[in-house]
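In case you want the letters, here they are:
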Amino acid sequence: MGKLEIVNRKPVIDSHSKICTTCIYDENVPAIKFDDDGVCNYCKMIEDLKTQYKTATPEGEKDFFEIVEQIKKHGNGKKYDCVVGVSGGTDSSYMIIKAVEWGLRPLAVHYDNTWNTAIATENIRKILGKLNIDLYTHVVDNKEADDIFKSFFLANVPEIDGPTDIALAETLYRAASKFGVKYILEGHSFIAEGVSPLSSAYVDGAYIKNIHKMFGKIKMKTFPNMNFASFMKWILVKRIKKIRPLWYIPYSKKDAQAFLEKEYDWKYYGGHHLENRMTAFNHSVYFPQKFGIDQRNNSLSASVRAGLLSQKEAINEYNSNPLVEDDLIGYFKKRLNLTDQKYADIMNGDRKTYRDYPTYKKRFEKLRPLFFILAKANLVPMSFYIKYTSKSEM
Ligand SMILES: [Zn+2]
């Protein structure tokens, strides 16, 4: 029996840390490299994406509105012409409102992992109600969801919230396929959120299946997992494209939030992606305390790059402990049926990665040239190509 006290590995940046000159990534970020001017490879990756997508320039907007025209053309005569995932958070709420403004006819899609906060659910209801948009929801069985989350916790890997990402992706494809829709719009912005290094963000269908097989107790029945064959079906046979409008057009998260609050009575949930309790636990407790990862450095670095925060301001915020809602840890233990001792043992225990378990990673690496073509055709996000098919940690 170990002790109940949790060792907090939350990283800080101090005067000894080597940090990038244009963001706040330091030498602890996986696969980081600095050039002669002290600029990191992640800042360069962002610059490359900006050049490639002509982000927030008239040319970028022109490219994007050509895509909008294609979406309309393909959707002619159909009930919907695109699907948009909604979580109740800033980016996806803004995305669906913009889609309507652009003259599109979106179907909203939500994957309910049963850990939503009431704020998130209310936000979705308010926006879709006002815009009169249909909602397609997949609700996973809550016992099964918890069994999968618990498997990731017991496996000692960082991606406890990864199953939600895969399930959302699969739900979006299923909804698109069901209604003959060829386009999925995603509210991701590399300008506002930056890019997260792979080692804490890897997830695929095989990883989920294998972790759950090893550590789970009940059968996977309602969880919408995506295996390799279904992934290939969605992109190669159904040819459903993923478009990220915020990679082309100007976007300010702050302005978007102000707009949502004023026009839609939308409520801020107090932090990045904290509209869901599992996401909140993951970002505010699990990542920092167990793995020494504080993912706020992604959005804080993005704010420094965009000139919204000084490097000093960003470091100060980064060095403070993330806010943890009063009952969050108790709620986590209770739902996953963990004793205080088991919780402490895991939090203080091994730190493993996706490389310790079977995944599709090697297969993705072998198919790198194919995925480059698919990314160019918008059939997979360019960030999937950059991170998932590279042999390095990035
Ligand atoms: Zn940097």
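Relevant structure appears above.
Just so it is clear, the structure is predicted and the values come from calculations on it, not from any experiment.

A. How the structure looks around the overall build of the protein. Scanning the protein for helices and strands turns up 18 helices and five strands. The C-alpha extent of the protein, read off along each of the three principal axes, is 65 × 55 × 50 Å. Burial analysis of the protein (394 residues in total) assigns 56% to the buried set. If you take every contact in the protein between residues at least 6 apart in sequence, the share linking residues at least 24 apart comes to 79%. On the protein, roughly 17900 Å² of surface is accessible, and the fraction owed to carbon and sulfur atoms is 53%.

B. Fine view of empty space enclosed by the protein. A full pass over the atoms with the stated rule returns four cavities of 30 Å³ or more. Reported here for the second largest cavity is a volume of approximately 80 Å³. Looking at the second largest cavity, the residues that line it are Y53, K242, I243, R244, W247, Y248, A375, N378, V380, P381 and M382. For the lining of the second largest cavity, the per-class residue count stands at eight nonpolar, one polar and two charged.

C. Region of interest: the pattern of salt bridges. Inspection of every chain in the model, using the stated rule, returns 21 salt bridges. K10 is the partner of D294 in a salt bridge, and the nearest nitrogen-oxygen pair spans 2.9 Å. Here K10 lies in the segment before α1 (41–53) and D294 lies in the loop between α11 (277–291) and α12 (296–305), a separation of 284 residues in the sequence. Taken as a pair, D294 and K10 share a single burial class, namely buried. E170 is paired through a salt bridge with R174; the nearest N and O atoms lie 2.8 Å apart. Here E170 pairs with R174, and both are found in helix α6 (residues 162–178), just four residues apart, close to one helical turn.

D. Representation of helix α17 (residues 368–376). Considered for burial, the residues of α17 that qualify are F371, L374 and A375. Buried residues in α17, looked at end-on, bunch into an arc of 100°, giving them a common side. In α17, the exposed positions that point more than 90 degrees away from the buried face belong to P369, I373 and K376. At the exit of α17 stands N378, carrying a positive phi of roughly 65°.

E. Region of interest: a nonpolar patch on the surface. A contiguous nonpolar surface patch, about 250 Å² in accessible area, is contributed by L236, V237 and L370. Summarising the element assignment, L370 is placed in helix α17. Among the residues examined, L370 registers a relative accessible area of 31% and is labelled partly exposed.

F. The sheet that holds strand β3 (residues 135–139), seen in detail. A sheet is described by the order of its strands in space; here five strands give the open sequence β3-β2-β1-β4-β5, paired in parallel fashion. Every interior strand has two partners, whereas the edge strands, β3 and β5 (241–243), have only one. Mean inter-strand twist for the sheet, computed between neighbouring axes without regard to direction, equals 25°. Across four bridges, the pairing between strand β1 (residues 82–85) and strand β2 (residues 106–112) is parallel.

G. Layout of the packing of helix α4 (residues 118–131) against helix α10 (residues 253–264). Contact pair α4 / α10: the axes reach a minimum separation of 11 Å and the direction vectors enclose 65°. Taken together, the axes of α4 and α10 lie roughly perpendicular to each other. You can see that α4 and α10 cross each other, and the crossing is left-handed. Of α10, the residues touching α4 (which contributes K126, I127, K130 and L131) are L260, E263 and Y264. Per-class residue counts for the contact of α4 with α10 are four nonpolar, no polar and three charged.

H. Structural detail: the pairing of β2. With seven of seven residues buried, β2 is to be regarded as a mostly interior element. With helix α3 (residues 90–101) bridging β1 and its parallel neighbour β2, the resulting β-α-β unit is right-handed. Inspection of the sheet shows β2 paired to β3 by five bridges, in the parallel sense. Residue A108 lies in a different strand from β3, and its bridge partner there is L135. Following the backbone out of β2, through α4 and into the adjacent parallel β3, one traces a crossover that is right-handed.

I. Molecular detail of the side chain of D26. Along the chain, D26 turns up in the segment before α1. Although D26 is buried, it makes no salt bridge; K10 carries the closest opposite charge, 8.9 Å away. The contacts of D26, once residues within four sequence positions are left out, are I13, K18, I19, I32 and F34.

J. Local environment of the packing of aromatic side chains. Under the criterion given, the structure shown has 45 aromatic pairs. Ring centres of Y80 and F179 lie 5.2 Å apart, and the angle between their planes is 90°; this geometry places the pair in the edge-to-face category. Of the two residues, Y80 sits in the loop between α2 (58–75) and β1 while F179 sits in the loop between α6 and β4 (183–185), which places them 99 residues apart along the sequence. Aromatic side chains F231 and F364 sit 6.1 Å apart centroid to centroid with 85° between the ring planes, which places their arrangement in the edge-to-face category. Here F364 lies in helix α16 (residues 361–366) and F231 lies in helix α9 (residues 228–237), a separation of 133 residues in the sequence. One aromatic cluster is present, formed by F152, Y202, Y207, F228, F231, Y354, Y360, F364, F371, F384 and Y388 through successive ring pairs. The ring centre of Y318 lies 4.0 Å from the NZ or CZ of K10, which sits over that ring. One cation-aromatic arrangement involves R277 over Y331; the distance from NZ or CZ to the ring centre is 4.8 Å.

Parameters and conventions
- Residues numbered from 1 in each chain as written.
- Predicted model: local features only at pLDDT ≥ 70, side-chain atom pairs only at ≥ 80, totals over all residues.
- Heavy atoms only, no water.
- Helix = DSSP H or I, 4+ residues; strand = E, 2+ residues; numbered from the N terminus.
- Buried < 20%, exposed > 50% of the residue type's maximum accessible area, 1.4 Å probe, protein only.
- Contact = heavy atoms within 4.5 Å.
- Areas by Shrake-Rupley, 256 points an atom, 1.4 Å probe, with all protein chains shown as cover.
- 1 Å grid on protein atoms, 1.4 Å probe; cavity = no way out; pocket = protein on both sides within 12 Å on 5 of 7 lines; lining within 4 Å.
- Points joined across faces, edges and corners; volume = space filled by probe spheres on them.
- Nonpolar A, V, L, I, M, F, W, Y, C, P; charged D, E, K, R; others polar.
- Salt bridge = Lys/Arg side-chain N within 4 Å of Asp/Glu carboxyl O.
- Arc of directions from axis to C-beta.
- Patch = residues over 30% accessible without salt bridge, like charges linked within 9 Å, V, L, I, M, F, W, Y side chains within 5 Å.
- Pairing = 2+ DSSP bridges.
- Axes fitted to C-alpha atoms, helices over the stretch in contact; angles between N-to-C directions.
- Parallel < 35°, antiparallel > 145°, perpendicular 65-115°, else oblique.
- Left-handed = near helix turned anticlockwise from the far one by under 90°.
- Right-handed = clockwise from strand over helix to strand, strands pointing away.
- Lys, Arg positive; Asp, Glu negative; His and termini not counted.
- Phe/Tyr/Trp six-rings, centres within 6.5 Å; stacked < 30°, edge-to-face > 60°.
- Lys NZ or Arg CZ within 6 Å of the ring centre and 35° of its normal.

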